[in-house]
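Here's the letter readout for the chains.
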Amino acid sequence: MGIENIKTNTMTDLEILSGLYDEGVFTEICPELGSLGEKAGAFASFGKVSDMNVYAFVQRGEKDSGSMSVVGANKLLKLYSMALHTGYPIVGFYRTSAGKIAEGNMLLDAVGELLSFSTQLSGVVPQISVLLGDCISSTALLASSADFIVKARGTAFSISDCGCSGEGKASILVDNDVQALEAVKSILSYVPANNLSLAPVAFDVTEEAAVDFDSAFDSRQKLLLFEKTMKDAEISLNRLMGATVGVVKTIGEMLEAKTATRIASFVRFCDAFSIPVITAVDCEGFKCLSSTKTLLSAYAEATTPKISVVTGKACGISYMTLAGRGAGVDVVIGIEGAVVSPASAEATAYILLGDKLKEGTVAEQDKMIKDFIATELSVTTAARQGFIDAVCDYSVLRGILVNYLDVLSAKRVETMPKKHSTI
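Predicted model, so just to flag it, every value in this text is computed and none were measured.

Asks: Account for the sheet that holds strand S7 (residues 127–131), with residues named and values stated.
Replies: An order of S1-S4-S5-S6-S7-S9-S11 is seen for the 7 strands of this open sheet, with the pairing classed as mixed. Two strands in the sheet have a free side with no partner beyond their single neighbour: strand S1 (26–28) and strand S11 (172–174). Ignoring which end each strand starts from, the neighbouring axes of this sheet average 20° apart. Of the strand pairs in this sheet, strand S9 (residues 148–152) and S11 are connected by 3 bridges, and their pairing is parallel. Directly across from alanine 152, in S11, lies its bridge partner valine 174. In the packing of helix H2 (residues 70–86) onto the sheet, the strands contacted are S1, strand S4 (42–49), strand S5 (52–59), strand S6 (90–94) and S7, and the crossing angle to S5 comes to about 165°.

Asks: Please give an account of helix H5 (residues 177–188) that cites residues and values.
Replies: Relative to the 16 Å expected for 12 residues at 1.5 Å per residue, H5 spans 17 Å between its end C-alpha atoms, a close match to the ideal helical length. Every buried residue belonging to H5 is among Asp177, Ala180, Leu181, Ala183, Val184, Ile187 and Leu188, and all of these are buried. Projection of H5 onto a plane perpendicular to its axis shows the buried side chains occupying an angular sector of 160°, all on one side. With a side-chain oxygen positioned 3.2 Å from the backbone nitrogen of valine 178, the residue opening H5 is asparagine 176.

Asks: Outline the pattern of salt bridges, supporting the account with residue identities and numerical values.
Replies: This model, assessed by the stated rule, comprises 12 salt bridges. As a salt-bridge pair, lysine 151 and glutamate 167 come within 4.0 Å of each other at their nearest N and O atoms. Separated by 16 residues along the polypeptide, lysine 151 in strand S9 and glutamate 167 in the loop between strand S10 (157–158) and S11 bring together distant segments of the chain. By relative accessible area, which is 0% here, lysine 151 ends up buried. Judged by relative accessible area, which is 24%, glutamate 167 ranks as partly exposed. Between arginine 153 and aspartate 175 there is a salt bridge whose closest N-O contact spans 2.9 Å. Taken together, the residues span a long stretch of sequence, with arginine 153 in the loop between S9 and S10 and aspartate 175 in the loop between S11 and H5 at a distance of 22 residues. Judged by relative accessible area, which is 42%, aspartate 175 ranks as partly exposed. Among the charged side chains, a salt-bridge network with shared partners connects Asp214, Lys222, Glu234 and Lys249.

What counts and what doesn't
Residues numbered from 1 in each chain as written. Predicted model: local features only at pLDDT ≥ 70, side-chain atom pairs only at ≥ 80, totals over all residues. Heavy atoms only, no water. Pairing = 2+ DSSP bridges. Helix = DSSP H or I, 4+ residues; strand = E, 2+ residues; numbered from the N terminus. Axes fitted to C-alpha atoms, helices over the stretch in contact; angles between N-to-C directions. Contact = heavy atoms within 4.5 Å. Expected span 1.5 Å × (residues − 1). Buried < 20%, exposed > 50% of the residue type's maximum accessible area, 1.4 Å probe, protein only. Arc of directions from axis to C-beta. Polar contact = N/O pair within 3.5 Å; in protein donor to acceptor, adjacent residues only side chain to side chain. Salt bridge = Lys/Arg side-chain N within 4 Å of Asp/Glu carboxyl O.

Structural data, given as structure tokens:
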């Protein structure tokens, strides 16, 4: 049967785990745990994925008594506790939102404890949620606590039964169980086991001459996130000389609030696991004050190596948030022909040229504005003023990025003692 003919949520729990782990080998956690001979609603396990230890649980599905219960929650608590003490990633496969309502407050308390464990593990080990069936209410809350959400198209994902698909919340959308397993394995190939480990390195590095920002990274080594739900930016896990990097690429527009918030969450994830962040800045501004504040805070607080590459327009607040000193960026690189401006390039030129624009025809005025932008607002001028660290073309960008990341690997930053930011 071809992969295109496989449907979602049709594989058994054992088939899912066998497909996840190397050679299909895994160990079940608390296999005898149950109530009056009834199986717990989740299958918990650990094993190796690409030779890295990984914990995984699978809801059995409604036909296999997959409803969330106190017994099932206790089995998952054992898994979460082991992950907390040993420091390995967690993958959760969600297949139903059903819960044993008869257990009442005991069930709510057990699920609440799971949420507490998930929160404690946030930033300690990577967490991946895989939604193969509808995920609603407290189950959705637990699933949404993960760093990455792999979601089958057409499944519901919301806090209430409101018919919301929740596809905008998905890091990766898939069509069937096999694609979901492939997405999980791909994510795990980029991330470290925990916040004290290094991310896996790919040794089959292929290099081609760079002609744009994307081609400065290793060929065919890119995991695009939120691919179908973001139009004004791209977020991806990528590789540079085999090492994992987080890449943010703005695409010449005003950023939407959701986009800015997603970028902020991605930067915080990369920072938690010491993954360098490389940002391509081609952005004219933001549409929402609150999300812009959140994004600036994420960049400013991140102590992982941060490199920004001005590829187009870096105007006003977009420069300040994504590349300026306020963002705490280690290195700012300008691509020849790019622009750095305190406001939109055209508005800045119009204001600073002043009375000079009153002379000449409309065509001559347009030329004066274009010439002013090309000279006074160029990245070369910004470099002379100390706002850009290096100016280059794409053909040498890869080498510059590699060299800077090499020296920044020894970066050490002392932060102010505090519990957390309030932004």
